[in-house]
Amino acid sequence: MAILSGSAFRGLTNSILDFFYPPVCLSCRKLLIDGQRHVCEQCWDSIEPIRRDLELYQETRHKLCVSGTVDELVAAFVFEKEGAFQHIAHALKYSDYQSLGVELGKRLGGVVNAWGVGGDYLVPIPLHRRKLRERGYNQAELIARGLSEVTNIPVRADLVRRKKFTQTQTMLSLEERKKNLDDAFEVRASDLSEIRGKTFILIDDIITTGATIESCGRELRAAGATRLIAASSALAR
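Residues numbered from 1 in each chain as written. Predicted model: local features only at pLDDT ≥ 70, side-chain atom pairs only at ≥ 80, totals over all residues. Heavy atoms only, no water.

Undergrad: Looking at this model, I keep getting lost on the environment of Asp-158. Mind explaining?
TA: Of note, Asp-158 is situated in the loop between helix H7 (139–151) and strand S3 (161–162). Relative accessible area serves as the criterion here: at 39%, Asp-158 is assigned to the partly exposed category. A polar atom in the side chain of Asp-158 sits 2.8 Å from the side chain of Arg-156. (Helix = DSSP H or I, 4+ residues; strand = E, 2+ residues; numbered from the N terminus. Buried < 20%, exposed > 50% of the residue type's maximum accessible area, 1.4 Å probe, protein only. Polar contact = N/O pair within 3.5 Å; in protein donor to acceptor, adjacent residues only side chain to side chain.)

Given below as structure tokens:
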């Protein structure tokens with residue numbers, strides 16, 4: 001009697017599951033065709049892309065760059081409530097669809113390349129260790145790894161640490177967000193030589209006010225970073 005290898009067994013199991021539970025788009029719930037994973041191309045195409053002349057981009061860039069902490073902003077999509085991107089972001093953040101983070105990073109990487117943006121390292125916004133234990137992964141780091149596949153810029157998830165556990169930012173005003181993030185991040189003294197004179201691309205999943213990016217970026221600036229670029233899979237109004 002032939003014994004299936006582990007990969008062959010998993011392939012057979014997946015085929016059986018697909019037969020009884022055909023994969024559907026997590027946004028529109030339509031049946032996915034071969035080659036599509038989790039989200040259909042129609043739903044991806046329905047998400048408004050970021051353009052440099054878009055008012056949302058201009059306003060967010062101004063908020064980030066006015067203090068001098070951040071030098072530039074690059075983003076891929078517009079976040080719309082009840083739209084396909086919200087379904088994708090929710091599945092990534094709360095339903096363990098980790099591959100969506102990598103896919104978002106690849107799509108963001110296409111924009112980074114098209115806009116001629118470069119840097120020495122990709123730095124995902126870190127999670128507090130308590131939040132990381134609860135979720136099991138950092139969605140910003142998954143996005144960074146997908147972006148790295150497209151741009152070949154290395155990921156350094158170890159350069160900034162989130163030392164303060166903060167409440168969710170969702171319902172907070174800009175001033176409340178800034179206060180919530182006071183002294184939330186730190187750079188280890190042993191990493192200063194890795195930071196001085198370098199250009200960093202700071203990565204978050206969604207940027208709304210930019211308070212998190214700015215708070216994290218200040219620590220890199222204080223440690224000697226020459227240039228900071230904010231990058232996000234989406235901008236929210």
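From this point, the discussion proceeds with the structure in view.
Undergrad: Before we go on, may I ask you to explain the environment of Phe-165 in this structure?
TA: Inspection of the secondary structure assignment puts Phe-165 in the loop between S3 and helix H8 (174–180). Looking at Phe-165, the relative accessible area reads 33%, which means it is partly exposed. If near-sequence neighbours (up to four positions away) are discounted, Phe-165 is found in contact with His-128, Arg-130 and Lys-131. (Contact = heavy atoms within 4.5 Å.)

Undergrad: Would you mind showing me how to read the packing of helix H5 (residues 98–114) against H7 here?
TA: Each pair of packed helices gets described by two things: the angle between the helix axes and the distance between those axes. At a minimum axis separation of 6 Å, H5 and H7 run at an interaxial angle of 45°. Between H5 and H7, the angle is such that the two are oblique. Read as a crossing pair, H5 and H7 show a hand that is right-handed. On the side of H5, the interface is formed by Gln-98, Gly-101, Val-102, Leu-104, Gly-105, Lys-106, Leu-108, Gly-109, Gly-110, Val-112 and Asn-113, while H7 contributes Leu-142, Ile-143, Gly-146, Leu-147, Glu-149, Val-150 and Thr-151. Of the residues that constitute the contact of H5 with H7, the class distribution is eight nonpolar, eight polar and two charged. (Axes fitted to C-alpha atoms, helices over the stretch in contact; angles between N-to-C directions. Parallel < 35°, antiparallel > 145°, perpendicular 65-115°, else oblique. Left-handed = near helix turned anticlockwise from the far one by under 90°. Nonpolar A, V, L, I, M, F, W, Y, C, P; charged D, E, K, R; others polar.)

Undergrad: Before we go on, may I ask you to explain helix H3 (residues 55–65) in this structure?
TA: The α-helix advances 3.6 residues per turn, and as a result positions three or four apart in sequence lie on the same side. Residues of H3 that are buried: Leu-56, Tyr-57, Thr-60, Leu-64 and Cys-65. What you see down the axis of H3 is that its buried residues fit within an arc of 140°, all on one side. Of the exposed residues in H3, the ones pointing more than 90 degrees away from its buried face are Glu-55 and His-62. Those residues of H3 that are buried lie in contact with strand S1 (72–79), strand S5 (199–207), helix H10 (211–222) and strand S6 (227–236). (Arc of directions from axis to C-beta.)

Undergrad: Explain unusual backbone geometry here, please?
TA: If a residue is not glycine, its phi is most likely negative; likewise, a peptide bond is most likely trans. In the Ramachandran plot, His-38 falls in the positive-phi region, its phi being about 75° despite a non-glycine side chain. Tracing the sequence through the fold places His-38 in the loop between helix H1 (6–20) and helix H2 (41–46). The phi dihedral of Asp-96 is positive, around 65°, even though this residue is not glycine. With respect to the helices and strands, Asp-96 occurs in the loop between helix H4 (84–94) and H5.

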